[in-house]
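Reading the structure
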Amino acid sequence: MQATRIIAIRHGETAWNVDARIQGHLDIPLNDLGLWQAAQAGKALAGETVAAIYSSDLQRAHATAEAVAATTGAPLSADPGLRERCFGHFEGRTFSDIEATHPEDALRWRKRDPDFVPAGGGESLQMLRERIAATVDRLAARHAGEQIVVVAHGGVMDVLYRLATRQDLQSPRTWALGNAAINRLLWTPEGLALVGWGDVQHLEGGARDESFS
């Protein structure tokens, strides 16, 4: 079976990225810089042949994907399987606030406990990994020998990198998750492989790097 080429992009910046506020499944729009970053990502991919674009259904990702669709002409589909990790009752708060009010939860979070489930319907890292792996397998299998774009969130990008490099969920993160960065992977039924990561040549200045957006 031929490989599927995947361009994976984290959404552009939001006001809550600036505030280091946890977004999770909350539907926060792009800010002005984020809209610009999305447009730049679209321009950077204008010469690419893209069979399909798949986006998280949250507007910060979908608006970024729309900018790519506008330049590539590829069809765009929203898929809730590409959403960010759900952080339950912690969504809308900062990590420093959680450290002050729920220190035990904050410690499990900081240590990347794969089985820690935030209260209020949240997801563990293991649950997120399983969801993202299944979603990417499902989408990529439709496009053997083709190239697709996947637009999602920082936590999703982190999982994709770990899957492609065979790193476990508790390994310290040494890779960037920049807003609107372009990342490239190959998919086969055996799994993902890393081609390139963190390309931000199309952007000016630094993008914020939270993994809960």
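Residues numbered from 1 in each chain as written. Predicted model: local features only at pLDDT ≥ 70, side-chain atom pairs only at ≥ 80, totals over all residues. Heavy atoms only, no water.

1. Some points on the packing of aromatic side chains
Tallied over the full model, the rule gives five aromatic pairs. Where Phe 87 meets Trp 109, the ring centres are 4.9 Å apart and the plane angle is 15°; that geometry is what we call stacked. Note that Phe 87 is positioned in the loop between strand E3 (76–78) and helix H4 (95–101) and Trp 109 in helix H5 (residues 103–110), a separation of 22 residues in sequence. The burial state of Phe 87 is the same as that of Trp 109; both residues are buried. (Phe/Tyr/Trp six-rings, centres within 6.5 Å; stacked < 30°, edge-to-face > 60°. Helix = DSSP H or I, 4+ residues; strand = E, 2+ residues; numbered from the N terminus. Buried < 20%, exposed > 50% of the residue type's maximum accessible area, 1.4 Å probe, protein only.)

2. A word on the side chain of Arg 60
By the element assignment, Arg 60 lies in helix H3 (residues 59–72). In this structure, Arg 60 is buried with no salt-bridge partner, the nearest side chain bearing the opposite charge being Asp 27 at 4.8 Å. Looking at Arg 60, its side chain comes within polar contact range of the main-chain oxygen of Leu 26, at 2.6 Å. Looking at Arg 60, its side chain comes within polar contact range of the side chain of His 153, at 3.5 Å. (Lys, Arg positive; Asp, Glu negative; His and termini not counted. Salt bridge = Lys/Arg side-chain N within 4 Å of Asp/Glu carboxyl O. Polar contact = N/O pair within 3.5 Å; in protein donor to acceptor, adjacent residues only side chain to side chain.)

3. Brief notes about the packing of helix H2 (residues 32–44) against H3
Two elements in contact, H2 and H3, have axes whose closest approach is 8 Å; the angle formed by their N-to-C orientations is 35°. Like other packed secondary-structure pairs, H2 and H3 cross with a definite hand, here right-handed. The segment H2 lies against H3, with Ala 38, Ala 39, Gly 42 and Lys 43 engaging Ala 63, Thr 64, Ala 67, Val 68 and Thr 71. The residue inventory of the contact of H2 with H3, partitioned by class, reads five nonpolar, three polar and one charged. (Axes fitted to C-alpha atoms, helices over the stretch in contact; angles between N-to-C directions. Left-handed = near helix turned anticlockwise from the far one by under 90°. Contact = heavy atoms within 4.5 Å. Nonpolar A, V, L, I, M, F, W, Y, C, P; charged D, E, K, R; others polar.)

4. Considering the sheet that holds E3
Whenever strands of a sheet pair, they do so through backbone hydrogen bonds, lying parallel or antiparallel. Strand order in the open sheet made by the six strands is E3-E2-E4-E1-E5-E6, with mixed pairing throughout. Taken across any chain shown, the strands that pair with only one partner, and hence form the sheet edges, are E3 and strand E6 (191–199). The mean angle between the axes of side-by-side strands here comes to 20°, regardless of whether they run parallel or antiparallel. Here strand E2 (residues 52–55) runs beside strand E4 (residues 147–152); their pairing, made up of four bridges, is parallel. Each bridged residue has a counterpart across the sheet, and for Tyr 54 the counterpart in E4 is Val 150. The strands that H3 touches are strand E1 (4–10), E2, E3 and E4; relative to E2, the one it contacts most, it runs at about 170°. (Pairing = 2+ DSSP bridges.)

5. A short note on the nonpolar core
Core analysis: the largest hydrophobic core is formed by 25 residues, its most contacted members being Ile 6, Ile 132, Val 136, Met 157, Leu 160, Leu 185 and Leu 192. Sorting the residues of this core by element identifies E1, E2, helix H6 (125–140), E4, helix H7 (154–165) and strand E5 (182–188) as the ones contributing at least two each. Among the elements that line this core, the one with the most residues is H7, at seven residues. Discounting residues that sit within four places of it in the chain, Met 157 has contacts with Ala 8, Ile 9, Arg 10, Val 150, Ala 152, Leu 177, Asn 183 and Trp 197. Within the second largest apolar cluster, 13 residues are counted, among which are Val 50, Val 149, Val 151 and Ile 182. (Core = buried A, V, L, I, M, F, W, Y, C linked by side-chain atoms within 4.5 Å.)

6. Some words on the packing of H6 against H7
At a minimum axis distance of 10 Å, the contact between H6 and H7 shows a crossing angle of 75°. One element, H6, and the other, H7, form an angle in the roughly perpendicular class. For the pair H6 and H7, the contacting residues are Leu 128, Arg 129, Ile 132, Ala 133 and Val 136 in the first and Gly 155, Val 156, Val 159, Leu 160, Arg 162 and Leu 163 in the second. The residue inventory of the contact of H6 with H7, partitioned by class, reads eight nonpolar, one polar and two charged. (Parallel < 35°, antiparallel > 145°, perpendicular 65-115°, else oblique.)

7. What about the pairing of E2?
Here E2 shows two buried faces, one formed by Ala 52 and Tyr 54 and the other by Ile 53 and Ser 55. The pairing of E2 with E3 spans three bridges and is parallel. Opposite Ile 53, over in E3, you have Leu 76 as the bridge partner.

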